[in-house]
Amino acid sequence: MSPHRRSLRLWSGAVTAALALTVTTVGQASAADVNNARNAGFESGLSDWTCSAGSGATVFSPVHSGSAALRATPSGQDNARCAQTVRVKPNATYTLGAWVRGGYAYLGVTGTGTTDVSTWTPDSSSWKQLSTTFTTGSSTTSVTVYTHGWYGQAAYYADDVSVFGPDGGGGTDPGPTIPSAPGGLNVSGTTSSSVSLAWNAVSGATGYTVYRDGTKVTAVSGTSATVTGLAASTSYSFQVTATNGAGESPKSAAVTATTNKPNGPGPALPKHAVTGYWQNFDNGATVQKLADVQAQYDIIAVAFADATSTPGAVTFTLDSAGLGGYTVDQFKADIRAKQAAGKKVVVSVGGERGTVAVNDAASAANFANSVYALMQTYGFDGVDIDLENGLNATYMTQALRSLSAKAGSSLIITMAPQTIDMQSTSNSYFQTALNIKDILTVVNMQYYNSGSMLGCDGKVYSQGSVDFLTALACIQLEGGLAPSQVGLGLPASTRGAGSGYVSPSVVNNALDCLAKGTGCGSFKPPRTYPDLRGAMTWSTNWDATAGNAWSNAVGPHVHGLP
C-alpha cells in the first residue's frame, strides 16, 4: 500500500467510454399505456428485430420470462446492435425498458425528434432491468429502439423489451400491470450481522425489492433474501415490494428483526468504521506499536502475513528488531486492549510483494487452516485480503467460507482491491466479494496508484477528485454489495502512495455525496447510501508521520455519518 509495498498497475487503453449515458429510474405505466414494442420477448425468434453482423440469436435459456430471449455476441469490430423500428405518437412521453444479463449491455432510442437517450449496465450474472424515458417531437411517428454490447466483450442477453406509452398504431405486446404488495413476509433467520427474510410469491412479479428502515438495500428475483452488514444486537424494520415492467407495488407490511449478540471479543463493529493498515516493518514512516494506533481507527489491519513453502498457507512474524524491540507478548496484549476498546484487529494477506496463491482445493484448505491458526495464536478477529497479483474467485471463496465455518459469525473479512479489480462484476475480486457477501465485512478499494477508470455512468474519471471516488464506488454499490460493505481507501499522506493522495476534505465530501447526496462534484449517484461503511487509509504509520491529520479529520466525519 505504500510506494514500497504497492504496485502501480494502471489501466489506460482499455478504459475508453464512447457514450455519455444517463441512468434513470423505472417509470410508472398509466392505465392507457401500451407496450409499443413488437415481439418484445423474442418468442417469435428475431421477427421485427435486426441485429448487426449476424450477431443476434434467440435462446431458450437463460430467459427472464416466457420461453425465449435474445443472445447477442459482440466482436472486435461490432458491438452486436439489435434494433427495431417502433411506431409512436408525436409529443408523447414513453418509458423504454428491458431486462438484461451477461456482458456489458446498453439500451437506447434514436430518432425521437427531441433528445435521444440511452442507459447501460456492466456485466451481470443475473437479470437486471434497464429503464429510461424519452419524449417524441411534434412530427415524430416512429423511433428506433436498440440494444447493444461492447466491442470484444462477452455476449449479452436481453428479454422483455418495452416501450410503454400512448399507442402508436404499429401493433403492441400486452403490457404488464403493477403487481400487488407481497404477503407473508417473515424473518427466517438471524446472525450477529445478518437477517434472512422470506415472503409469498406475487403473480406477475419479475423481481422483489427489500427495504430496511425505509431504505432500499437489495433487489432479488426470488422470494427470499439475506440482508448483511448489520450491527449486532440491533433491531431493524424490513418491508418488501414486488416489481415488473409496469412498476413497483406498494410496500408489504413491516416485520422487525433483531440481530444476535456478537460472539467475538469486545463490542460489535460500529455502523460506520475507519480502517487503517499498521506496518509490521520500518519504511521511513513513524514506527508504532499497536497500542500507538490512533483511537479513530475501528479496524486495524496488520500488514502483512507471509507466504510459506506450503501452497496457500501463511504465517506471521513480528518484526521485533525493526519495531524497536516490540515483543510478541506486548503485541498480543495490545491486540486484546484494542479489542476491549471496541476495535477489531485483522491480519492482512498480500501487499505488493505478497506471493500467496490459492488456486485449488488443497491450497484453499491450507489458507483457511493457517489463517485460523494465526487467529488463535495472536487473537486476530479475522483476515484482510490484499492480493495484488490476482486471485482465483472459486478457491478464495472456498477458503474464506472454510475459515468462516471455523471462526464463526464474529469473523471479520475485509478486502482491499485495486481500482481495476472492481470495474466489473466478472473480475475475480468482485466475484469473490459477491460470493461471500453474507460473511463479508467491508471492501475498501484503493482509490490510488491508479490510472483513469470508468464510473458507473460509463464516463472516464481520473484519480484525485471527488468524482473519481464517488463514480467508482457507485459500481460496487449498484453492482451487488451492500452499502455497509463499501469503504473508500485513500493514502494518509503524499508519502503513503505513489499517486492518488487527496486532502481529507475531499474524502469527507465523497462520503457525504454517497451517504447524504451533498458535497458531490459533477457526478451525482443515482441514490444515497446512508449505510456506507466508511473509509480506509494506508497507513496508520504514515498518518502518524503527518501528525494524524488524516484520522483527525476523516475519523470524526465517518463516525458522524447518518
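Just above, that's the structure.
Calculation rules
Residues numbered from 1 in each chain as written. Predicted model: local features only at pLDDT ≥ 70, side-chain atom pairs only at ≥ 80, totals over all residues. Heavy atoms only, no water. Helix = DSSP H or I, 4+ residues; strand = E, 2+ residues; numbered from the N terminus. Rg over C-alpha atoms; globule rule 2.2 N^0.38 Å. Buried < 20%, exposed > 50% of the residue type's maximum accessible area, 1.4 Å probe, protein only. Areas by Shrake-Rupley, 256 points an atom, 1.4 Å probe, with all protein chains shown as cover. Salt bridge = Lys/Arg side-chain N within 4 Å of Asp/Glu carboxyl O. Pairing = 2+ DSSP bridges. Expected span 1.5 Å × (residues − 1). Polar contact = N/O pair within 3.5 Å; in protein donor to acceptor, adjacent residues only side chain to side chain. Phe/Tyr/Trp six-rings, centres within 6.5 Å; stacked < 30°, edge-to-face > 60°. Lys NZ or Arg CZ within 6 Å of the ring centre and 35° of its normal. Disulfide = S-S within 2.5 Å. Axes fitted to C-alpha atoms, helices over the stretch in contact; angles between N-to-C directions. Left-handed = near helix turned anticlockwise from the far one by under 90°. Contact = heavy atoms within 4.5 Å. Nonpolar A, V, L, I, M, F, W, Y, C, P; charged D, E, K, R; others polar. Core = buried A, V, L, I, M, F, W, Y, C linked by side-chain atoms within 4.5 Å.

**Examining the overall build of the protein chain**
No. 1: Each helix and strand counted, the protein chain has eight helices and 30 strands in total.
No. 2: Its C-alpha atoms give the protein chain a radius of gyration of 25 Å, near enough to 24 Å, the size a compact globule of 562 residues would have.
No. 3: Sorting the 562 residues of the protein chain into buried and exposed places 55% on the buried side.
No. 4: Taken as a whole, the protein chain presents about 20000 Å² of accessible surface, with 49% of it coming from carbon and sulfur.

**Overview of the pattern of salt bridges**
It is possible for side chains of opposite charge to pair when their charged atoms get near one another.
No. 1: Scanning the model with the defined rule gives seven salt bridges in all.
No. 2: Residue Arg212 pairs with Asp531 through a salt bridge whose shortest N-O separation is 1.5 Å. A residue pair is termed long-range when its members are at least 10 positions apart, and Arg212 in strand 14 (residues 207–212) and Asp531 in the loop between helix 6 (504–516) and strand 30 (534–538) qualify at 319 residues.
No. 3: Take Asp531: its relative accessible area is 13%, and that puts it in the buried class.
No. 4: In this structure, Asp438 and Arg401 form a salt bridge, with 2.5 Å as the shortest nitrogen-oxygen distance. A residue pair is termed long-range when its members are at least 10 positions apart, and Asp438 in the loop between helix 4 (428–435) and strand 26 (442–446) and Arg401 in helix 3 (residues 393–407) qualify at 37 residues.
No. 5: Classification of Asp438 as partly exposed rests on a relative accessible area of 34%.
No. 6: Within this structure, Arg212, Lys271 and Asp531 form a network of salt bridges that share partners.

**Here's the deal with the sheet that holds strand 2 (residues 50–51)**
Picture the strands of a sheet paired through backbone hydrogen bonds; they go either parallel or antiparallel.
No. 1: One open sheet accounts for five strands, arranged 2-5-10-7-8; its pairing is antiparallel. Of all strands in the sheet, those with a lone pairing partner are strand 2 and strand 8 (117–121), marking the two edges.
No. 2: Alignment of strand 5 (residues 82–87) against strand 10 (residues 142–148), held across six bridges, turns out to be antiparallel. Bridge pairing in strand 10 places Gln84 opposite Val145.

**Quick look at helix 2 (residues 361–378)**
No. 1: For helix 2, spanning 18 residues, the distance from its first C-alpha to its last is 26 Å, which sits close to the expected 26 Å at 1.5 Å a residue.
No. 2: Along helix 2, the residues that are buried comprise Ser363, Ala364, Phe367, Ala368, Ser370, Val371, Leu374, Met375 and Tyr378.
No. 3: For helix 2, the side-chain oxygen to backbone nitrogen distance between the N-cap and Ala362 is 3.3 Å, and the N-cap itself is Asp360.

**Side note on the packing of aromatic side chains**
No. 1: Here the structure, examined in full by the defined rule, presents 22 aromatic pairs.
No. 2: Ring geometry for Tyr326 and Phe331: centres 6.0 Å apart, planes at 90°, overall edge-to-face. Comparing Tyr326 with Phe331, the two get one shared label, buried.
No. 3: Their ring planes at 85° and their centres at 6.2 Å tell us that Tyr447 and Phe468 sit as a pair that is edge-to-face. Pair noted here: Tyr447 is in the loop between strand 26 and strand 27 (453–454) and Phe468 is in helix 5 (residues 466–478), with a separation of 21 residues, a long-range link.
No. 4: Tyr447 gets classed as buried once you look at its relative accessible area, which sits at 0%.
No. 5: Each residue in the set Trp278, Phe316, Tyr326, Phe331, Tyr378 and Phe380 is aromatic and connected to the rest through ring pairs, giving one cluster.
No. 6: Just above the ring of Tyr211 sits the side chain of Lys251; from NZ or CZ to the centre is 4.3 Å.
No. 7: In this arrangement the basic side chain of Lys332 is found over the ring face of Tyr378, its NZ or CZ atom lying 5.7 Å from the centre.

**Section: the state of the cysteines**
No. 1: Across all of its chains, the model carries three disulfides by this definition.
No. 2: Two residues, Cys456 and Cys474, share a disulfide whose sulfurs are 2.1 Å apart. Classification of the bridge connecting Cys456 and Cys474 rests on its S-S torsion, roughly 80°, and on that basis the disulfide is right-handed. Taken together, the positions of Cys456 in the loop between strand 27 and strand 28 (460–461) and Cys474 in helix 5 put the pair 18 residues apart, joining distant regions of the chain.

**Some details on the packing of helix 2 against helix 3**
No. 1: Interaxial distance between helix 2 and helix 3 falls to 8 Å at its minimum, and their mutual angle equals 35°. For the crossing formed where helix 2 meets helix 3, the hand is right-handed. Packed against helix 2, whose contacting residues are Ala361, Ala364, Phe367, Ala368, Asn369, Val371, Tyr372 and Met375, the element helix 3 presents Tyr395, Met396, Gln398, Ala399, Leu400, Ser402, Leu403, Lys406 and Ala407 at the interface.
No. 2: Considering only residue class, the contact of helix 2 with helix 3 consists of 13 nonpolar, three polar and one charged.

**Here we look at the sheet that holds strand 16 (residues 224–227)**
No. 1: Taking strand neighbours across the sheet as the criterion, the three strands line up as 12-13-16 in an open arrangement whose pairing is antiparallel. Bordering the open sheet on either side are strand 12 (186–190) and strand 16, each of which pairs with just one other strand. Averaged over all neighbouring strand pairs, the angle between strand axes comes to 25°, with direction disregarded.
No. 2: Note that strand 13 (residues 195–198) and strand 16 share four bridges and pair antiparallel. Pairing of Val195 across the sheet is with Val227, part of strand 16.

**Comments concerning the nonpolar core**
No. 1: Grouped together as the largest cluster of nonpolar side chains are 99 residues, with contacts concentrated most on Trp278, Leu290, Phe331, Phe367, Phe380 and Ile385.
No. 2: It is helix 5 that provides the largest number of residues to this core, a total of nine residues.
No. 3: Core analysis: the next-biggest nonpolar cluster, separate from the first, contains 28 residues, Cys82, Val88, Ala98 and Tyr156 among them.

**With respect to the environment of Gly498**
No. 1: Among the secondary structure elements, Gly498 is positioned in the loop between strand 29 (486–491) and helix 6.
No. 2: Sequence-wise, Gly498 and Gly171 are 327 residues apart; in three dimensions their C-alpha atoms are separated by 60 Å.

**Structural notes on the side chain of Thr112**
No. 1: Counting through the fold element by element, Thr112 comes out in the loop between strand 7 (105–110) and strand 8.
No. 2: Note on Thr112: relative accessible area 0%, which makes it buried.
No. 3: Here the side chain of Thr112 touches Thr114 through a polar contact of 3.1 Å, landing on its backbone nitrogen.
No. 4: Once residues lying within four places of it in the same chain are set aside, the contact partners of Thr112 are Phe134, Thr135, Thr136, Gly137, Thr140 and Val143.

**Notes on helix 6**
No. 1: Helix length check: helix 6, at 13 residues, gives a terminal C-alpha distance of 17 Å against a target of 18 Å (1.5 Å per residue), a fit within 8%.
No. 2: On its buried side, helix 6 packs onto helix 5, strand 29, strand 30 and helix 8 (549–559).
No. 3: Once helix 6 finishes, Gly517 follows within two positions and takes phi at roughly 80°, a positive value.

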